[in-house]
Amino acid sequence: MPDIVPTTGFVSRDRLPQIKREDHRDFLQFLWGKGVEHTTTELPVSDLKPSQHSLDLDKVTRLLNNPSDALSKPLLVSQDHYILDGHHRWLALLNMDPHAEVPVYKMSVNFPELLKATQEYPKSFTKSVVESFESFICR
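All of these numbers come straight from a predicted model, not from anything done at the bench.

Colleague: Just checking my understanding: could you explain the packing of helix α1 (residues 24–33) against helix α4 (residues 111–120) for this structure?
Modeller: Each pair of packed helices gets described by two things: the angle between the helix axes and the distance between those axes. Where α1 contacts α4, the axes come no closer than 10 Å and their chain directions differ by 115°. By the criterion of interaxial angle, the relationship of α1 to α4 is roughly perpendicular. Every pair of crossing elements has a handedness; the one defined by α1 and α4 is right-handed. Facing F27, F30 and L31 of α1, the residues of α4 in contact are L114, A117, T118 and E120. For the contact of α1 with α4, the per-class residue count stands at 5 nonpolar, 1 polar and 1 charged.

Colleague: Would you explain the nonpolar core in this entry?
Modeller: Inside soluble globular proteins, nonpolar side chains tend to come together where they are buried. Formed by 18 residues in total, the largest nonpolar core has its most connected members in L48, L75, V77, W90, V102 and V104. Elements represented by at least two residues in this core include exactly α2 (57–65), β3 (75–77), α3 (87–96) and β5 (101–107). Ignoring any residue separated from it by four or fewer positions in sequence, one finds L75 in contact with L48, D85, G86, R89, W90, V102, P103, V104 and Y105. Formed by 17 residues, the second largest nonpolar core is a distinct cluster that contains V11, I19, L28 and L31.

Colleague: Would you explain the environment of V109 in this entry?
Modeller: Its place among the elements puts V109 in the loop between β5 and α4. Taking the relative accessible area as the measure of exposure, V109 reaches 9% and is therefore buried. Sequence spacing of V109 and E37 is 72 residues, and the spatial spacing of their C-alpha atoms is 8.1 Å. When sequence neighbours within four positions are dropped, the list of residues in contact with V109 reads V36, S78, Q79 and L114.

Cut-offs used in this document
- Residues numbered from 1 in each chain as written.
- Predicted model: local features only at pLDDT ≥ 70, side-chain atom pairs only at ≥ 80, totals over all residues.
- Heavy atoms only, no water.
- Axes fitted to C-alpha atoms, helices over the stretch in contact; angles between N-to-C directions.
- Helix = DSSP H or I, 4+ residues; strand = E, 2+ residues; numbered from the N terminus.
- Parallel < 35°, antiparallel > 145°, perpendicular 65-115°, else oblique.
- Left-handed = near helix turned anticlockwise from the far one by under 90°.
- Contact = heavy atoms within 4.5 Å.
- Nonpolar A, V, L, I, M, F, W, Y, C, P; charged D, E, K, R; others polar.
- Core = buried A, V, L, I, M, F, W, Y, C linked by side-chain atoms within 4.5 Å.
- Buried < 20%, exposed > 50% of the residue type's maximum accessible area, 1.4 Å probe, protein only.

Given below as structure tokens:
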């Protein structure tokens, strides 16, 4: 595994809305109703940018040690390539192969507008910070 070095995003984990996997289709419909379209595509994992301030290295390590279907789940990203959902999968994939392409739902709006719309989604939720988190990204 490559060396992992600290990085800083701009939204704390307890303020970043989460969307359950089973709600993605409903969430995309909700966004469409608000005029936010999306495309399903693949992007180089190295082109994506974290928005979440801190990541749980143990969770990333578990994904690296036990690759699963979770790593093929599309990430939710903004038009300007900021990750809304899927930070831990992104970092695991980045460490596996920084040149790989990752499936994404790419939204038609930049991150601030996507964040605002996500906060309005009735099924979104936030996770309280109960664990000790540190920020990481691979070189």
